[in-house]
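Chain residues, written in single-letter form:
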Amino acid sequence: MVRKNDERRAALVDAAIEVLAREGARGLTFRAVDTEAAVPVGTASNYFASRDDLLTQAGGRVYERLRPDEETLARQRTTTPDHEGYTRLMRELVGRVSGFRTGYLALLELRLEATRRPELRRVLTERVRSDVDANVAYHEASGLPGDATAVRLLILTLNWLIVEQLTLPDVFSEAERDQLVQAAVERIVRV
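Residues numbered from 1 in each chain as written. Predicted model: local features only at pLDDT ≥ 70, side-chain atom pairs only at ≥ 80, totals over all residues. Heavy atoms only, no water.

**What to know about the pattern of salt bridges**
Here is step 1: For the structure shown, the criterion picks out 16 salt bridges.
Here is step 2: Taking the shortest distance from any N to any O, the salt bridge between Arg22 and Glu36 comes out at 2.9 Å. A residue pair is termed long-range when its members are at least 10 positions apart, and Arg22 in helix H1 (residues 6-23) and Glu36 in helix H2 (residues 30-37) qualify at 14 residues.
Here is step 3: The class for Glu36 is partly exposed, based on a relative accessible area of 31%.
Here is step 4: For the salt bridge of Glu84 with Arg88, the shortest nitrogen-to-oxygen distance reads 3.6 Å. Linking Glu84 with Arg88, this pair stays in helix H6 (residues 83-99), spanning four residues, or about one helical turn.
Here is step 5: Counted as one network, the salt bridges with shared partners bring together Asp14, Arg61, Glu64 and Arg65. (Salt bridge = Lys/Arg side-chain N within 4 Å of Asp/Glu carboxyl O. Helix = DSSP H or I, 4+ residues; strand = E, 2+ residues; numbered from the N terminus. Buried < 20%, exposed > 50% of the residue type's maximum accessible area, 1.4 Å probe, protein only.)

**Describing the packing of aromatic side chains**
The description of an aromatic ring pair rests on the distance of the ring centres and on the angle between the ring planes.
Here is step 1: Counted by the stated rule, this structure contains zero aromatic pairs.
Here is step 2: Lying across the ring of Phe48, Arg9 places its NZ or CZ 5.2 Å from the centre. (Phe/Tyr/Trp six-rings, centres within 6.5 Å; stacked < 30°, edge-to-face > 60°. Lys NZ or Arg CZ within 6 Å of the ring centre and 35° of its normal.)

**Some thoughts on helix H9 (residues 148-167)**
Here is step 1: Helix length check: H9, at 20 residues, gives a terminal C-alpha distance of 29 Å against a target of 28 Å (1.5 Å per residue), a fit within 8%.
Here is step 2: Within the sequence span of H9, burial applies to Ala148, Ala150, Val151, Leu154, Leu158, Leu161, Ile162, Val163, Glu164 and Leu166.
Here is step 3: Among the structural elements, H6, helix H7 (101-114), helix H8 (118-142) and helix H10 (174-188) are those in contact with the buried residues of H9.
Here is step 4: In this structure Asp147 caps H9, since a side-chain oxygen of it lies 3.2 Å from the backbone nitrogen of Thr149. (Expected span 1.5 Å × (residues − 1). Contact = heavy atoms within 4.5 Å. Polar contact = N/O pair within 3.5 Å; in protein donor to acceptor, adjacent residues only side chain to side chain.)

**Topic: helix H4 (residues 51-66)**
Here is step 1: Here H4 contains 16 residues, and its C-alpha end-to-end distance of 23 Å stays within 8% of the 22 Å for a straight helix at 1.5 Å per residue.
Here is step 2: Turning to H4, its buried residues are Leu54, Leu55, Thr56, Ala58, Gly59, Gly60, Val62, Tyr63 and Leu66.
Here is step 3: Check the buried side of H4 and you find it contacts H1, H2, H6, H7 and H8.

**What about the packing of H1 against H2?**
Here is step 1: Between H1 and H2, the shortest axis-to-axis distance is 8 Å and the interhelical angle comes to 110 degrees. In terms of axis orientation, H1 runs roughly perpendicular to H2. For the pair H1 and H2, the contacting residues are Ala11, Leu12, Ala15, Ala16, Glu18, Val19 and Arg22 in the first and Ala32, Val33, Asp34, Glu36 and Ala37 in the second.
Here is step 2: Of the residues belonging to the contact of H1 with H2, the class tally is eight nonpolar, no polar and four charged. (Axes fitted to C-alpha atoms, helices over the stretch in contact; angles between N-to-C directions. Parallel < 35°, antiparallel > 145°, perpendicular 65-115°, else oblique. Nonpolar A, V, L, I, M, F, W, Y, C, P; charged D, E, K, R; others polar.)

**Concerning the packing of H4 against H8**
Here is step 1: Direction vectors running N to C along H4 and H8 enclose 15 degrees, while the axes themselves pass 9 Å from each other. Here H8 runs roughly parallel to H4, going by the angle between their axes. In this structure, the crossing between H4 and H8 has a hand that is right-handed. Of H8, the residues touching H4 (which contributes Leu55, Thr56, Gly59, Gly60, Tyr63 and Glu64) are Leu120, Val123, Leu124, Arg127, Val128 and Asp131. (Left-handed = near helix turned anticlockwise from the far one by under 90°.)

**So, the nonpolar core**
Generally speaking, nonpolar side chains in soluble globular proteins are found buried as a group.
Here is step 1: Judged by nonpolar contacts, the single largest core of 52 residues is most densely connected at Leu20, Leu28, Val33, Tyr86, Met90 and Leu154.
Here is step 2: Sorting elements by how many residues they give to this core places H9 first, with nine residues.
Here is step 3: Excluding anything up to four places from it in sequence, Val33 contacts Leu12, Ala15, Ala16, Val19, Leu28, Ala44 and Leu54. (Core = buried A, V, L, I, M, F, W, Y, C linked by side-chain atoms within 4.5 Å.)

**A look at the side chain of Arg9**
Here is step 1: Along the chain, Arg9 turns up in helix H1.
Here is step 2: Here the side chain of Arg9 touches Tyr47 through a polar contact of 2.7 Å, landing on its backbone oxygen.

**Quick word on the confidence of the model for the protein**
Here is step 1: Confidence in the prediction for the protein averages 91 pLDDT; 98% of positions are at 70 or higher.
Here is step 2: Taken element by element, the protein is modelled with least confidence in helix H5 (residues 70-77), mean pLDDT 82, and with most confidence in H2, mean pLDDT 97. (pLDDT = per-residue confidence, 0-100.)

The structure is reproduced here in structure tokens:
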């Protein structure tokens with residue numbers, strides 16, 4: 001029987017994210033999640049039908065936690081629709097995603113694991129496609145310069161910049177990262 005306590009389930013999924021980031025997908029066991037969440041052994045197995053279920057829910061939870069809060073969204077809606085405003089938005093995005101280091105590293109682990117697990121691949125594909133579509137729709141409604149292709153190119157570019165920052169943080173300094181974000185916006189987004 002799968003348990004229903006939503007708070008406990010969220011804590012277990014958050015613990016799974018931490019385990020994934022630290023130990024990789026091979027280290028993700030129910031026992032490791034129980035230990036990380038500081039709950040009795042066997043708790044995670046009462047909340048998730050299988051390891052695949054836990055992996056899938058961890059993937060969804062990373063995206064939930066990466067979503068900007070309402071205050072950030074309200075601030076973004078008032079952004080000046082020019083390259084400067086766009087660059088500010090992209091720097092904020094890179095900062096927010098990089099600020100959830102374990103979540104992004106766990107997501108990379110999940111993407112690798114998805115190459116071997118069709119159900120996880122299906123869930124992540126749907127989620128990423130939905131996020132890309134939402135970003136394109138937000139962009140089109142915002143009046144910011146550029147088109148859907150520019151948004152997709154920025155997503156691809158900035159995702160790799162984030163990977164670089166989280167996995168090899170000494171490759172680019174913070175100033176270089178900011179310059180790269182600005183250059184990406186200027187070169188990809190047409191006014």
